[in-house]
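Here's the letter readout for the chains.
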Amino acid sequence: MTTTPPTTLLLARHGQTVWHAENRYAGVSDVALTDTGRAQAEALGRWAGAHPVDAVWTSPVSRAVVTAEPACRALGLTPHREPDLRECDFGVVEGRTLAEFAAENPEGAAAFRADPVAHPFPGAEDPAAAAARGAAALHRIAAAHPGERVLVVAHNTLFRLILCTLLSIPVRDYRRVFPSLRNAAVTELRFTAGSVGLIALNVPCA
């Protein structure tokens, strides 16, 4: 009987962007990294160069692509881009803060805080659908790299939704269970015969 060896996915949120200081929702917007974000990307690159990593996958959004570049240089790898790893579209709050939205629509903000999946922002992508597409993308990546270690660079909300889906946590609880993934920190998942285990969460690279 042939046993497929486990695959390790190393999830890393992109580096800090120019909207982070005010905690603005970036979503599908093309937002540049700060100097701090670029330094975080370099630290992730040094970490990847010191650990066995066999492949790199990224969201197609530029802040994720740029964050992955130092790791690709260190490893001598060409990154694969996966459209289904893009961040969620946050609709009317793209480029805005939750506080700004609450000042304009207190009922909508309260409903979002109570259950962000049942009550997403107006015009936003369905969080449950985003969770499903992201989780399916990670399963495809794991299947393409049996027994390997793969760095996956993408986004805060999408990763939190995915983690809930893969770990059988109610998706509506993503903001409570995973308050935030740190920029360019590594979360390690192990895929074995269709099951997924959490090995490490939010491990700093610097």
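Residues numbered from 1 in each chain as written. Predicted model: local features only at pLDDT ≥ 70, side-chain atom pairs only at ≥ 80, totals over all residues. Heavy atoms only, no water.

Right, let's talk about the packing of helix 1 (residues 35–50) against helix 2 (residues 62–75) for a bit. At a minimum axis separation of 7 Å, helix 1 and helix 2 run at an interaxial angle of 30°. Here helix 2 runs roughly parallel to helix 1, going by the angle between their axes. The element helix 1 and its partner helix 2 pack so that their crossing is right-handed. Side by side, helix 1 and helix 2 meet where Ala41, Glu42, Leu44, Gly45, Ala48 and Gly49 of the first sit next to Val66, Thr67, Pro70, Ala71, Arg73, Ala74 and Leu75 of the second. Per-class residue counts for the contact of helix 1 with helix 2 are eight nonpolar, three polar and two charged. (Axes fitted to C-alpha atoms, helices over the stretch in contact; angles between N-to-C directions. Helix = DSSP H or I, 4+ residues; strand = E, 2+ residues; numbered from the N terminus. Parallel < 35°, antiparallel > 145°, perpendicular 65-115°, else oblique. Left-handed = near helix turned anticlockwise from the far one by under 90°. Contact = heavy atoms within 4.5 Å. Nonpolar A, V, L, I, M, F, W, Y, C, P; charged D, E, K, R; others polar.)

With 16 residues, helix 1 extends 23 Å from end C-alpha to end C-alpha; this agrees with the ideal 22 Å at 1.5 Å per step. Of all the positions in helix 1, only Gly37, Ala41, Ala43, Leu44, Gly45, Trp47 and Ala48 are classed as buried. (Expected span 1.5 Å × (residues − 1). Buried < 20%, exposed > 50% of the residue type's maximum accessible area, 1.4 Å probe, protein only.)

Inspection of the secondary structure assignment puts Ser62 in helix 2. Residue Ser62 is classed as partly exposed on the basis of its relative accessible area, which comes to 28%. On a C-alpha basis, the gap between Ser62 and Thr8 in space is 24 Å, while along the polypeptide they are 54 residues apart.

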